[in-house]
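Spelled out from the first residue to the last, the chains are:
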Amino acid sequence: MTSSEPRRAWSEVFHRSRISPHVFVVAEAAADQVNQVVAGLGLPQATSNSLFDNAHWATPLLDGAVTRLLTYGLPALPSGTRVYGHRPLRLLCHLMDLRPPARALTGERQVPGIDELLVDLDRQRQTEPEALLVQARTAMANDAQEVLAAVRVFFGHEAADVTAVEIPG
């Protein structure tokens, strides 16, 4: 039996960041769902939270990460959930039953099959937790320059060619 309700498009949940074509901002209304899916993957989560500083949560995912940032005061980078990488984005689309992008996105070298992504996720789950936590900590950012630094680490210097500031909303 098939559902009569069409699947939501990926763009209803994820928005392209103006910082880099390799970073996607999660719509506020979908952030809890994304965070729950990521928490259920069995990957370690790095956290950073201290008095008078931003709070960070980051989970490595394939060749990128999923991060949450909670800022206090006037932030250089708005609070919210972000996905670093096209492969993590496509895996989340599958896990959340979203229609993925129909073609390669800006900066995406090739569109992987879902079987490839699932095999890579299983492989990642077997990686030493400390190596995964290093990957997660790399994604923790307070401003656009730190996001671009993480993009360079994950995807190479050519991936960080867009430097506009992310605007919330």
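Located above this text is the structure these notes cover.
Let us look at the structure shown here. (Residues numbered from 1 in each chain as written. Predicted model: local features only at pLDDT ≥ 70, side-chain atom pairs only at ≥ 80, totals over all residues. Heavy atoms only, no water.)

On to the sheet that holds strand 6 (residues 80-84). Sheet architecture is open: six strands sit in the order 1-2-6-5-4-3, paired in antiparallel fashion. At either end of the open sheet lies a strand with only one pairing partner, and these are strand 1 (14-16) and strand 3 (46-48). The sheet shows a mean angle of 25 degrees between the axes of neighbouring strands, taken without regard to direction. Contacting strand 3, strand 4 (55-61) and strand 5 (64-70), helix 4 (residues 129-138) runs over the sheet at an angle of about 125 degrees to strand 4. (Pairing = 2+ DSSP bridges. Helix = DSSP H or I, 4+ residues; strand = E, 2+ residues; numbered from the N terminus. Axes fitted to C-alpha atoms, helices over the stretch in contact; angles between N-to-C directions. Contact = heavy atoms within 4.5 Å.)

Another aspect to go through is the environment of Leu-77. Take Leu-77: it is sitting in the loop between strand 5 and strand 6. For the pair formed by Leu-77 and Asp-143, sequence separation is 66 residues and the distance between their alpha carbons is 4.8 Å.

This part covers unusual backbone geometry. We note that Leu-62 has phi near 55 degrees; this positive angle belongs to a residue other than glycine. Mapped onto the secondary structure, Leu-62 falls in the loop between strand 4 and strand 5. By relative accessible area, Leu-62 is classed as buried at 10%. Unusually for a residue other than glycine, Asp-97 sits at a positive phi of about 55 degrees. As for its position among the elements, Asp-97 is in the loop between helix 2 (86-95) and helix 3 (114-125). (Buried < 20%, exposed > 50% of the residue type's maximum accessible area, 1.4 Å probe, protein only.)

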